[in-house]
Amino acid sequence: MWLLLVLLQAAVLPAQLCEAPGGEAAAVRELSARLLGLAGNPARDPDPSVYLALRLAGDHDLREEERYLARLRDAFQRRYGRSLQAAGQLHGHPQWDTTSTEHNTNAEAEWPETGRLALYLLGLRATCPLPEPGPQRLLVTWLKYYLEEDWAGSRRHGQPLTSYYQYSLGVLALCVHRKRVREEVIHRLLAAEHHGRFRHTGGSTVDTEAVAALAFTCLVQERLVGSRLAAELQAAWRRVRRRMVEAQDPDGFFGNVYSTPWAMQVFIATNTCRTQPAYGRAMAALLENLDAFTTAATMAQVLPVLYGHSYLDTASMRCQEELDTLMPISAKPPTEMLGNMTVRLVVECPEPRCPQHRLYDRTVSAPAGASLLDVLRAATVQGPPNFTFVTQDTSQGPFLSRVLGMEARQQQRSYWQLLTAPGTSLQMGVADYRPHDGETLILRLSEW
């Protein structure tokens, strides 16, 4: 009897054994409070991943979370309201909002929002009490439509129109809502994992592999597939987990500091965080580098695992008494540094697309402590030669989409890679990275 009680307790509360050590509780709670402070800023667009992180944390400000959810609902109602009213007509082409992304062409603006809608549905599943099922059912239907459009629009490219990351999030969200996913959809992800299609030119994409593994795990745990397919899915997530352990660097990271939380979710979801030493090393590495998580998007990535949770926990969350004691911490303005700095800015484009290869190479003066985005802005007024760039607003912050008229396009599998000389890839976005005086920064149009 005693053994049965122990096993039942382990089944109900596995997350408590995977969270940050008790001695780090104050630092983790402070990070929660900082994210809550950013969430309370009405000037920031609501982000479903932020709400999801707040709900998966162990400390709460329930009133502030409720306000944030109301803002999210407003945003998604504006985006989907008319379409939801006509949800029964999803076999036709939806009325896309072509003004939602200012710098996109009309064709790009019509891409499915698979990932963003999936995160919102995951967040709704984590809400207590659960919202009315009617609107959720319509959004689930819309997500199913997105998954089909996502793939059908790019069959000739052999990959989803958005990315395998977003595609996997879509499958995960449907699974968490206990909606069956067509086997063809699942086999697409299995084939991509088996043939190594989640890889960039620079190596394995840990976060994409992790989200796919979470989707595989959910489908098995929720018993939404037959035994034969379940065995294939189990084998796939074990391969992903094994690759992550083998690729863990000496500092304890899986890929880099920002992809590490995604990898850790796989160990939590597959109940191996307590027995896998790699997980403990990763947790220690994160706790030593919490100051790297400065934006709402990056804080939202790391908070769930610091509390020992994965996105799969939204499938079994129970509304109960929650600690309603968290107080938001307002973001501090960055420390002002005196003087200027000079950095070298280089723009590269590979042959044969660019016979010239190096399109731009000059020094740029900017205020000390400025972000890379500030450096790019400074370069536009310090020509000749004239420097131009365009960014696209995303939930992860500004995304560099065009430089000197050269556009990165997902359908061409291209992106602007950010590096510091001689060739170290930056692990932050243009708004987060702060160059130092004398540094050489490289913007390289790369393929993934």
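Residues numbered from 1 in each chain as written. Predicted model: local features only at pLDDT ≥ 70, side-chain atom pairs only at ≥ 80, totals over all residues. Heavy atoms only, no water.

Draft legend 1. Main features of the overall build of the protein chain. Within the protein chain, the regular secondary structure consists of 15 helices and ten strands. Relative to its full complement of 448 residues, the protein chain shows a buried share of 51%. In the form shown here, the protein chain has an accessible surface area of approximately 21800 Å², with 51% of it arising from carbon and sulfur atoms. (Helix = DSSP H or I, 4+ residues; strand = E, 2+ residues; numbered from the N terminus. Buried < 20%, exposed > 50% of the residue type's maximum accessible area, 1.4 Å probe, protein only. Areas by Shrake-Rupley, 256 points an atom, 1.4 Å probe, with all protein chains shown as cover.)

Draft legend 2. Representation of the nonpolar core within the structure. Leu117, Leu122, Leu172, Leu219, Leu233, Phe254 and Leu306 are the most contacted members of the largest nonpolar core, which has 107 residues in total. Among the elements that line this core, the one with the most residues is helix α10 (residues 206-221), at eleven residues. Setting aside its immediate chain neighbours within four residues, Phe254 contacts Val206, Met244, Val245, Gln248, Ser259, Thr260, Ala263, Met264, Phe267, Ala278 and Ala282. Listed in part, the 30 residues of the second largest apolar core include Phe387, Val430, Leu443 and Leu445. (Core = buried A, V, L, I, M, F, W, Y, C linked by side-chain atoms within 4.5 Å. Contact = heavy atoms within 4.5 Å.)

Draft legend 3. Region of the structure containing the environment of Tyr415. Position of Tyr415 relative to the elements: it lies in strand β8 (residues 414-420). Of the residues examined, Tyr415 reaches a relative accessible area of 18% and is grouped as buried.

Draft legend 4. The pattern of salt bridges, seen in detail. Taken as a whole, this structure holds 17 salt bridges when the rule is applied. Here Glu222 ties to Arg178 by a salt bridge, and the two come within 3.2 Å at their closest N and O atoms. Taken together, the positions of Glu222 in the loop between α10 and α11 (227-247) and Arg178 in the loop between α8 (164-176) and α9 (183-194) put the pair 44 residues apart, joining distant regions of the chain. In this structure Arg178 comes out as partly exposed when scored by relative accessible area, which is 43%. With a shortest N-O distance of 2.8 Å, Arg444 and Glu348 are connected by a salt bridge. On the criterion of sequence distance, the pair formed by Arg444 in strand β10 (residues 440-447) and Glu348 in strand β3 (residues 340-348) is long-range, its members being 96 residues apart. Members of the salt-bridge network, linked through shared partners, are Arg344, Glu348, Arg358, Asp361 and Arg444. (Salt bridge = Lys/Arg side-chain N within 4 Å of Asp/Glu carboxyl O.)

Draft legend 5. Local environment of the state of the cysteines. Going through the model one piece at a time under the given rule, you end up with two disulfides. Here Cys18 connects covalently by a disulfide to Cys273, the sulfurs 1.8 Å from one another. Separated by 255 residues along the polypeptide, Cys18 in the loop between α1 (2-12) and α2 (25-39) and Cys273 in the loop between α12 (260-269) and α13 (277-288) bring together distant segments of the chain. By the burial criterion, Cys18 is buried, and Cys273 matches it. (Disulfide = S-S within 2.5 Å.)

Draft legend 6. Looking closely at helix α3 (residues 48-56). Along α3, nine of the nine residues are buried, which leaves the element largely enclosed by surrounding structure. The complete set of buried residues in α3 reads Pro48, Ser49, Val50, Tyr51, Leu52, Ala53, Leu54, Arg55 and Leu56. Put simply, Asp47 is the residue that caps the front of α3, since its side-chain oxygen is 2.9 Å from the backbone nitrogen of Ser49. (Polar contact = N/O pair within 3.5 Å; in protein donor to acceptor, adjacent residues only side chain to side chain.)

Draft legend 7. The arrangement of the packing of aromatic side chains in detail. Within the structure shown, the criterion is met by 13 aromatic pairs. Residues Trp151 and Tyr167 carry aromatic rings whose centres are separated by 5.7 Å and whose planes lie at 50° to one another, so their mutual orientation is tilted. Taken together, the positions of Trp151 in helix α7 (residues 133-152) and Tyr167 in helix α8 put the pair 16 residues apart, joining distant regions of the chain. Judged by its relative accessible area of 0%, Tyr167 falls in the buried class. (Phe/Tyr/Trp six-rings, centres within 6.5 Å; stacked < 30°, edge-to-face > 60°.)

Draft legend 8. Highlighting the sheet that holds β3. Spatially, five strands are ordered β4-β3-β10-β8-β9 in an open sheet, and the strand pairing comes out mixed. Since the sheet does not close on itself, it has two edges, and those belong to β4 (358-367) and β9 (424-425), each with one partner. The sheet contact formed by β3 and β4 spans nine bridges and is antiparallel. By the bridge assignment for β4, Leu345 is matched with Arg362. (Pairing = 2+ DSSP bridges.)

Draft legend 9. Looking closely at the packing of α2 against helix α14 (residues 296-306). Between α2 and α14, the least distance of the axes is 10 Å, while the angle of their chain directions is 145°. Our pair here, α2 against α14, has a crossing hand that is left-handed. Contact with α2, carried on its side by Val28, Leu31, Ser32, Arg34, Leu35 and Leu38, involves Ala296, Met299, Ala300, Val302, Leu303 and Leu306 of α14 and no other residues of that element. The residue makeup of the contact of α2 with α14, split by class, is ten nonpolar, one polar and one charged. (Axes fitted to C-alpha atoms, helices over the stretch in contact; angles between N-to-C directions. Left-handed = near helix turned anticlockwise from the far one by under 90°. Nonpolar A, V, L, I, M, F, W, Y, C, P; charged D, E, K, R; others polar.)

Draft legend 10. Looking closely at the pairing of β3. Relative to β10, β3 is paired through five bridges, and the arrangement is parallel. Looking across to β10, one finds that Arg344 is bridged to Thr440.

Draft legend 11. Looking closely at the side chain of Asp61. Inspection of the secondary structure puts Asp61 in the loop between α3 and α4 (62-85). This buried residue, Asp61, is left without a salt bridge; Arg67 holds the nearest opposite charge, at 6.2 Å. Excluding residues that lie within four positions of it along the chain, Asp61 makes contacts with Leu36, Asp324, Leu326 and Pro328. (Lys, Arg positive; Asp, Glu negative; His and termini not counted.)

Draft legend 12. Local environment of the packing of α2 against α3. Viewed as axis vectors pointing N to C, α2 and α3 meet at an angle of 140°, and their least axial separation amounts to 11 Å. As α2 packs across α3, the resulting crossing turns out to be left-handed. Between α2, through Ser32, Leu35, Leu36 and Ala39, and α3, the contact on the second element is made entirely by Val50, Ala53 and Leu54. Here the contact of α2 with α3 is built from residues that sort into six nonpolar, one polar and no charged.

Draft legend 13. Spotlight on the side chain of Thr272. Residue position: Thr272 is located in the loop between α12 and α13. Given the relative accessible area of 16%, Thr272 is considered buried. Non-local contacts of Thr272, meaning those with residues more than four positions away in its chain, are made with Arg241 and Phe267.

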